[in-house]
Amino acid sequence: MATLATETNTFSPVSTGLRNYNDFYLRHGTATHDPPNLMTEALHVWRTRGEALDWKITESLSAIAEPAGRTTRAAYAALKEEIVRDLRAACPVDIVLLQLHGAMAADGCDDCEADVVAAVRALCPRAIIGVALDCHCHLTDALLSHADIVICFKEYPHDDASDRAEELFDLALRTHSGEISPVMALFDCRMVSLFLTKQGAMLDFVAKMKATETEPGILSVSLGHGFPWADLPDTGARMLVVAHSDMAVAQNTAARLGRAFFDLRHHLVPDYPDLQAGLERARAASSGPVVLADMSDNPGAGAPGDAVHVLRELIAQGITNVASGLYWDPMAVRQCEVAGEDAEIQLRLGGKMEPASGQPLDISGRILRIISGLGQHLGAGLEPLGTLVWLKMPGDIDLVINDLRTQVYHPEAFEQLGIRLAEKRLIVVKSFFHFHGSFSGIASEIIFCATPGRVNPNTGLIPFTRRGMNFWPRIDDPFAPDAKPAERAGV
Ligand SMILES: [Zn+2]
């Protein structure tokens, strides 16, 4: 078993090298000695299940990098080679279980998951290969052709990694015993967007997928949401059905569910206000704290995490009593470490990584706290935060600046420093949705805002060159023979 995971934003000019994996999470066969994180939860489950059956287990690489641009050719070659080398040493094996992301691209390789699984298949032609993916994956025919069973997280925010790992283990075990013979089919939903599963129509659709799994002959149902900011031919939502032995059942079920999902499209995605409209709503709120998601600078989708567009506007509008983070700026962190706690400091913040970061912002404030080595929870997993700096600016604006690119998952990213979020009027977080569960308890209102930046959630506006433009929301009905551009490409 092994983990290899990053989500590649091919529009980002920022390379992902071995150093980025090392900074975030890199273990060579020892991930199950650590507490689990989102992408290693599966390894913990598989080890526990396998040891209970007295299996001999070989644990290989666990490599996770915060999303950015493509992984470098050298880094990808080294990571893949480590998995291949460990597997070769362990052969012959009965079952290979992999937790991959599903949207990893490297220099010279558009579909790293298919490439890794092909290498595993070449070494182990008769082994059962099970692959667990993040739902923000590109489900490709190439990947399916080399694997026996592929399943994705069903939930976004992702809180079902362990459940999916259990499911994959069960299916691999039943396949190994000869009880089932999995076949897989895909349906291209012709949709490119983000789908939060915790409310409304998506909540019902996830329930529908689970209900379908109880139908005769159906083993597993996944919706690959797709990762929008990847300029690749297969980007977009796909329905995946694993059935027992009957390909027609898999194909028909994938098509039926895929069309049902497509038919819900106008109910799946909110109308995201732009920055001005978002701040207007925040100002109009009668009580605090309002949480505003700076969606377009979400490092979790490959944005730089050092954009200061929102902060600049907060200052311009004189909005006070705010907490905002996480600003990724190692140079600013270093300056703060040199100055020390309680120092007054002038900083040139953010705006350094790439054009989407915008221009840096000159600010001043008092350094109230500097802490290293803390984490923030995402479900059961603990995600690293690097070194955190609490800077208090005039107007009671509390910034959290850090040196490890990561989105905000949990109030812990602020509160462990001493920032009292409940007393704030406005909290601005760089994230899409993962913060939602843990912040909803303190927020009077949550505003998902299409701020300026690299990953603007209006996906109809993404400038694909290698992917066809026949997708919703760019086209209202991409299945129609005379498909026309939608009136509002940015839903
Ligand atoms: Zn994801």
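Rules used in this analysis
- Residues numbered from 1 in each chain as written.
- Predicted model: local features only at pLDDT ≥ 70, side-chain atom pairs only at ≥ 80, totals over all residues.
- Heavy atoms only, no water.
- Helix = DSSP H or I, 4+ residues; strand = E, 2+ residues; numbered from the N terminus.
- Rg over C-alpha atoms; globule rule 2.2 N^0.38 Å.
- Buried < 20%, exposed > 50% of the residue type's maximum accessible area, 1.4 Å probe, protein only.
- Contact = heavy atoms within 4.5 Å.
- Areas by Shrake-Rupley, 256 points an atom, 1.4 Å probe, with all protein chains shown as cover.
- Lys, Arg positive; Asp, Glu negative; His and termini not counted.
- Charge placed at Lys NZ, Arg CZ, Asp CG, Glu CD.
- Expected span 1.5 Å × (residues − 1).
- Arc of directions from axis to C-beta.
- Core = buried A, V, L, I, M, F, W, Y, C linked by side-chain atoms within 4.5 Å.
- Pairing = 2+ DSSP bridges.
- Axes fitted to C-alpha atoms, helices over the stretch in contact; angles between N-to-C directions.
- Parallel < 35°, antiparallel > 145°, perpendicular 65-115°, else oblique.
- Left-handed = near helix turned anticlockwise from the far one by under 90°.
- Nonpolar A, V, L, I, M, F, W, Y, C, P; charged D, E, K, R; others polar.
- Donors = N, O, S within 2.8 Å, 3.2 Å for Na, K, Ca; no water.
- Tetrahedral: all angles 85-135°; square planar, octahedral: opposite > 155°, others 65-115°.
- Salt bridge = Lys/Arg side-chain N within 4 Å of Asp/Glu carboxyl O.
- Domains from an automatic or database assignment.
- Buried area = accessible area lost by both parts, 1.4 Å probe.
- Polar contact = N/O pair within 3.5 Å; in protein donor to acceptor, adjacent residues only side chain to side chain.

1. Overview of the overall build of the protein
Scanning the protein for helices and strands turns up 13 helices and 19 strands. The C-alpha radius of gyration of the protein comes to 23 Å, within 12% of the 23 Å expected for a compact globule of 491 residues. With the principal axes as the frame, the protein shows a C-alpha extent of 65 × 55 × 40 Å. For the protein, the proportion of its 491 residues judged to be buried stands at 60%. Sequence-distant contacts in the protein: of pairs separated by 6 or more residues, those separated by 24 or more amount to 72%. Total accessible area on the protein is roughly 18200 Å²; 50% of this is exposed by carbon and sulfur atoms. Taking the average place of the 43 positive charges on the side chains of the protein and the average place of its 62 negative ones, the gap between the two points comes to 3 Å.

2. Brief notes about helix α7 (residues 200–212)
Between its terminal C-alpha atoms α7 stretches 19 Å, which fits the 18 Å expected from 13 residues at 1.5 Å a residue. Listed in full, the buried residues belonging to α7 are Ala201, Met202, Phe205, Val206, Met209 and Thr212. Down the axis of α7, the smallest arc covering the buried residues is 140°, so these residues share one side. Where α7 is buried, its residues touch β8 (218–224), β9 (238–244) and α8 (247–263).

3. Overview of the nonpolar core
Counting residues in hydrophobic clusters, the biggest one holds 136 residues, and the most contacted among them are Leu4, Trp46, Val150, Phe261 and Phe414. If one sorts the elements of this core by residue count, helix α6 (residues 161–176) sits on top with 6 residues. Residues Leu279, Ile319, Ala343 and Ile370 belong to the second largest nonpolar core, which totals 33 residues.

4. What to know about the sheet that holds strand β11 (residues 322–328)
Here we have 8 strands laid out as an open sheet, ordered β12-β13-β16-β17-β11-β18-β10-β19, and mixed in their pairing. For this open sheet the edge positions go to β12 (344–349) and β19 (445–449), each flanked by a neighbour on one side alone. When the angles between neighbouring strand axes are averaged without regard to direction, this sheet yields 30°. Sitting on the sheet, helix α11 (residues 330–339) is in contact with β11, β12, β13 (361–371), β16 (388–393) and β17 (397–402), with an inclination near 170° to β12.

5. Describing the packing of helix α2 (residues 41–52) against α6
Axis separation between α2 and α6 bottoms out at 8 Å; the angle between their running directions is 40°. Judged on the interaxial angle alone, α6 and α2 are oblique. The two elements α2 and α6 cross, and the hand of that crossing is right-handed. In this structure, α2 contributes Glu41, Ala42, Val45, Trp46, Arg49 and Gly50 to the contact, and α6 contributes Ala161, Ser162, Ala165, Glu166, Leu168, Phe169 and Asp170. When the residues that make up the contact of α2 with α6 are grouped by side-chain class, the tally is 7 nonpolar, 2 polar and 4 charged.

6. Topic: the coordination of the zinc ion
On the protein side, the zinc ion has Asp134 (OD), Asp134 (OD), His136 (ND1) and His158 (NE2) as donor atoms, found 2.1 to 2.6 Å from it. In this structure, the zinc ion is surrounded by 4 donor atoms whose angles at the metal cover 53 to 142°, and the resulting shape is irregular. Summarised as a motif, the one-chain spacing of the donors to the zinc ion is D-x1-H-x21-H. In this pair, Asp134 sits in the loop between β5 (128–133) and α5 (141–146) while His158 sits in the loop between β6 (149–152) and α6, placing the two residues 24 residues apart along the sequence. Summarising the burial analysis for this pair, Asp134 and His158 share the class buried.

7. Let's talk about the packing of helix α3 (residues 73–90) against helix α4 (residues 112–123)
Close contact between α3 and α4 brings their axes to 10 Å; oriented N to C, the two are set at 25°. It follows from the interaxial angle that α3 and α4 lie roughly parallel. Here α3 and α4 pass one another in a crossing that is right-handed. Within the contact between the two elements, α3 uses Tyr76, Lys80, Val84, Leu87 and Arg88 and α4 uses Cys112, Asp115, Val116, Ala119, Val120 and Leu123. Residues that form the contact of α3 with α4 fall into these classes: 8 nonpolar, no polar and 3 charged.

8. So, the pattern of salt bridges
Tallied over the entire structure, the rule returns 32 salt bridges. Note that Lys198 and Asp159 form a salt bridge whose closest N and O atoms lie 2.7 Å from each other. Taken together, the positions of Lys198 in the loop between β7 (182–188) and α7 and Asp159 in the loop between β6 and α6 put the pair 39 residues apart, joining distant regions of the chain. For Glu344, the salt bridge goes to Arg366, with nearest N and O atoms at 3.0 Å.

9. Quick look at the side chain of Thr406
For Thr406, the location among the structural elements is in the loop between β17 and α12 (412–415). What Thr406 contacts, discounting residues up to four positions off in sequence, is Phe24, Glu66, Pro299, Leu326, Gln376, Pro384 and Leu385.

10. Things to note about α3
The end-to-end C-alpha distance of α3, which contains 18 residues, comes to 26 Å, matching closely the 26 Å that a straight helix rising 1.5 Å per residue would cover. Listed in full, the buried residues belonging to α3 are Ala75, Tyr76, Leu79, Glu82, Ile83, Val84, Asp86 and Leu87.

11. Notes on the domain arrangement of the protein
Where interface size is given, it is often the accessible area lost as the parts come together that is meant. Structurally, the protein comprises domain 1 (2–267) and domain 2 (275–449). Here domain 1 and domain 2 have C-alpha centroids that lie 31 Å from each other. Residue-level contacts link 22 residues of domain 1 with 22 residues of domain 2. Buried surface at the junction of domain 1 and domain 2, both sides included, amounts to about 1900 Å², of which 63% is carbon and sulfur. Inspection of the region where domain 1 meets domain 2 yields 0 salt bridges. Taken together, the links from domain 1 to domain 2 amount to 5 residue pairs in polar contact (both at pLDDT 80 or more).

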